[in-house]
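Geometric and topological summary
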Amino acid sequence: MGPSAAAIDNSTRLFEVPSALCPLSTMAQVIKLATGEMMPQVGLGTWQSPPGQVYEAVKCAINVGYRHIDCAFSYENEHEIGTALAEKFTSATVRREEMFITSKLWLTYMRPELVREGCLKSLKNLQLEYLDLFLIHAPVALQPSKQILPMDKTGKIIFDDVDYIDTWKAMEKLVDEGLCKSIGVSNFNEEQLCRLLSVAKHPVSVNQVECHPYLTQQKLMNFCKSNDIVLTAYSPLGCPGRPWKFKDNDPRLLEDPVLLDIGKSYNKTPGQVLIRYHIERGNVVIPKSVNENRIKENFQVFDFKLSEDDLGKLNGLDRNYRVVNFAFLRKQKHFPFKSHL
Ligand SMILES: NC(=O)c1ccc[n+]([C@@H]2O[C@H](COP(=O)([O-])OP(=O)(O)OC[C@H]3O[C@@H](n4cnc5c(N)ncnc54)[C@H](OP(=O)(O)O)[C@@H]3O)[C@@H](O)[C@H]2O)c1
């Protein structure tokens, strides 16, 4: 086994997950990155997956057939994910090389001289010798600190003056050293990607951004495709567990009548349609769950295909609605979403 079998097109390949490991689906898809590495198209998100629950969630996901876990230093749960992974490797449920593990450099490690330390911290927590993918979490730098969000006495976030281009150059050294197989970015806009592409020596393999039918990211997605950058869709379900309150007029993606109708016509849940939407578009998608039934449900997406007509209906829901807007970083000069505030 392993991500290697029949080619479907230039960028997407199928690999088979043995049915003993994957009773719900016999097939999952992988995407080839610019580095040649294979990235499973559906991964498990872990933001807000509490220590105490994420351990079981990761083990459950691997049993169901997930081979891709999306992690980050700032989620403060990588140590527990590491314990779950180590157990799965020791019990020979999966081999390390069959898993695709992503982590992200947090913004307090953006200074080039801190990048390696930021990577080593995640590797140590995850009990790994290398990452399959390491992303700059966002183009914005915060003052080096033990806190995730360094603040002054008045509660104001303390930024740092680092150009993400310099951070990137230090990321490239991690690949040379064998600590990461591929590197990429997250929350970068098109202009920032252009600037990065003009200096990058190693491929910018991935841009991980919020993406769902209310924020289709069609233009950014086209740009990424034309530059061999894979778009990973975060908050694919519209982030219903967001840590702040829904406002009265916030649209609720999972309850959208168009989505509900499409789901009924395939006998699939709204969540499954939202995940399949990205498979159809050739993106990677990383729904988060710590609930066993939903972890399974979110992986039962390889036995149906959305029609062009239904894809068009979902794209038609676009309202440029961003849930995770990082507004608390808006005063930093490289803040990527100025047009959204
Ligand atoms: N790079 C970045 O800056 C960034 C930002 C945000 C997210 N991410 C990544 O993307 C992942 C996913 O995004 P997200 O966590 O924001 O949101 P999401 O995946 O859109 O939604 C997760 C929420 O939906 C619930 N859920 C899961 N499956 C469901 C289903 N089938 N039906 C209904 N509800 C369901 C989960 O609850 P239960 O756990 O109780 O099932 C959780 O509250 C994150 O975990 C993280 O790995 C990255």
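Structure's up top.
1. Topic: the overall build of the protein
The secondary structure content of the protein amounts to 10 helices and 11 strands. Taken along its principal axes, the extent of the C-alpha atoms in the protein is 55 × 50 × 40 Å. Burial status across the protein gives 56% buried among its 341 residues. Taking all contacts inside the protein whose residues are at least 6 apart in sequence as the whole, residues at least 24 apart take part in 72%. Accessible surface for the protein amounts to roughly 14900 Å². Of this, 49% is attributable to carbon and sulfur atoms. Each charge class in the protein can be summarised by its mean position, and for the 41 positive and 40 negative side chains these summaries are 3 Å apart.

2. Notes on the pattern of salt bridges
Scanning all chains against the criterion turns up 17 salt bridges. Salt-bridge contacts for D161 lead to K333; the nearest nitrogen and oxygen are separated by 3.1 Å. With a gap of 172 residues between them, D161 in the loop between strand 7 (131-136) and helix 4 (164-176) and K333 in the segment after helix 10 (308-315) connect regions that are remote in the sequence. Shared partners join several salt bridges into a network, and the residues in it are R95, E97 and E98.

3. Quick word on the side chain of Q192
With respect to the secondary-structure elements, Q192 resides in helix 5 (residues 190-197). A polar atom in the side chain of Q192 sits 2.8 Å from the backbone oxygen of H334. Setting aside chain neighbours within four positions, we find Q192 in contact with P139, Y164, N187, H334, F335 and P336.

4. Here's the deal with the packing of aromatic side chains
Scanning all chains against the criterion turns up 8 aromatic pairs. For the pair F326 and F328, a centre-to-centre distance of 5.9 Å together with 40 degrees between the ring planes defines the contact as tilted. A ring pair is formed by F335 and F337, whose centres lie 5.9 Å apart and whose planes are at 80 degrees; its orientation type is edge-to-face. Note on F337: relative accessible area 5%, which makes it buried. A network of ring pairs unites the aromatic residues Y66, F299 and F302 as a single cluster. When the ring centre of Y130 is taken as reference, the NZ or CZ atom of R96 above it lies at 3.9 Å. Between the NZ or CZ atom of R252 and the centre of the ring of F246, over which it lies, the distance is 4.1 Å.

5. What to know about the site of the ligand
As a structural note, the neighbourhood of the ligand is formed by 29 residues, with D70, S235, L237, S289 and R294 the closest of them. The backbone of C239 places a nitrogen or oxygen atom 3.1 Å from an oxygen atom of the ligand. Considering the ligand on its own, with 900 Å² of exposed area, one finds that the protein chains cover 89% of that surface. Judged by its atoms lying within 2 Å of the grid points, the ligand is housed in the largest pocket.

6. Points about the side chain of R276
Tracing the backbone through its elements, the reader meets R276 in helix 8 (residues 270-281). Residues in contact with R276, not counting those within four places in the same chain, are V301, F302, F304, K305 and L306.

7. Thoughts on the packing of helix 4 against helix 5
Contact pair helix 4 / helix 5: the axes reach a minimum separation of 10 Å and the direction vectors enclose 50 degrees. In terms of their interaxial angle, helix 4 and helix 5 are classed as oblique. As for the relative orientation of helix 4 and helix 5, their crossing is right-handed in sense. Contacts between helix 4 and helix 5 involve Y164, I165 and W168 from the former and Q192, R195 and L196 from the latter. Of the residues assigned to the contact of helix 4 with helix 5, the class counts are 4 nonpolar, 1 polar and 1 charged.

8. Looking at the sheet that holds strand 10 (residues 230-234)
Strands sit in the order 4-5-6-7-8-9-10-11 across an open sheet of 8 strands; the sheet is parallel. The sheet terminates laterally at strand 4 (44-45) and strand 11 (284-285), the two strands that pair on one side only. Two strands pair when backbone bridges link them, and strand 9 (residues 204-210) and strand 10 are joined in this way by 5 bridges, in the parallel orientation. When the bridges of strand 10 are listed, E210 appears paired with Y234.

9. Digging into empty space enclosed by the protein
For the coordinates displayed, the defined rule picks out 1 cavity of 30 Å³ or more. Here the largest cavity is characterised by a volume of approximately 30 Å³. Together, 10 residues line the largest cavity, and A28, Q29, P40, V42 and F299 are the ones closest to its centre. For the lining of the largest cavity, a count of residues per class yields 6 nonpolar, 3 polar and 1 charged.

10. Remarks on the packing of helix 1 (residues 54-64) against helix 2 (residues 78-90)
Direction vectors running N to C along helix 1 and helix 2 enclose 40 degrees, while the axes themselves pass 8 Å from each other. Judged by the sense of rotation from one axis to the other, the crossing of helix 1 with helix 2 is right-handed. For the pair helix 1 and helix 2, the contacting residues are V54, Y55, V58, K59, I62 and N63 in the first and E80, I81, T83, A84, L85, E87 and K88 in the second. Class assignment for the residues of the contact of helix 1 with helix 2 results in 7 nonpolar, 2 polar and 4 charged.

The rules behind these values
- Residues numbered from 1 in each chain as written.
- Predicted model: local features only at pLDDT ≥ 70, side-chain atom pairs only at ≥ 80, totals over all residues.
- Heavy atoms only, no water.
- Helix = DSSP H or I, 4+ residues; strand = E, 2+ residues; numbered from the N terminus.
- Buried < 20%, exposed > 50% of the residue type's maximum accessible area, 1.4 Å probe, protein only.
- Contact = heavy atoms within 4.5 Å.
- Areas by Shrake-Rupley, 256 points an atom, 1.4 Å probe, with all protein chains shown as cover.
- Lys, Arg positive; Asp, Glu negative; His and termini not counted.
- Charge placed at Lys NZ, Arg CZ, Asp CG, Glu CD.
- Salt bridge = Lys/Arg side-chain N within 4 Å of Asp/Glu carboxyl O.
- Polar contact = N/O pair within 3.5 Å; in protein donor to acceptor, adjacent residues only side chain to side chain.
- Phe/Tyr/Trp six-rings, centres within 6.5 Å; stacked < 30°, edge-to-face > 60°.
- Lys NZ or Arg CZ within 6 Å of the ring centre and 35° of its normal.
- Near = heavy atom within 4 Å.
- 1 Å grid on protein atoms, 1.4 Å probe; cavity = no way out; pocket = protein on both sides within 12 Å on 5 of 7 lines; lining within 4 Å.
- Sits in = over half its atoms within 2 Å of the grid points.
- Axes fitted to C-alpha atoms, helices over the stretch in contact; angles between N-to-C directions.
- Parallel < 35°, antiparallel > 145°, perpendicular 65-115°, else oblique.
- Left-handed = near helix turned anticlockwise from the far one by under 90°.
- Nonpolar A, V, L, I, M, F, W, Y, C, P; charged D, E, K, R; others polar.
- Pairing = 2+ DSSP bridges.
- Points joined across faces, edges and corners; volume = space filled by probe spheres on them.

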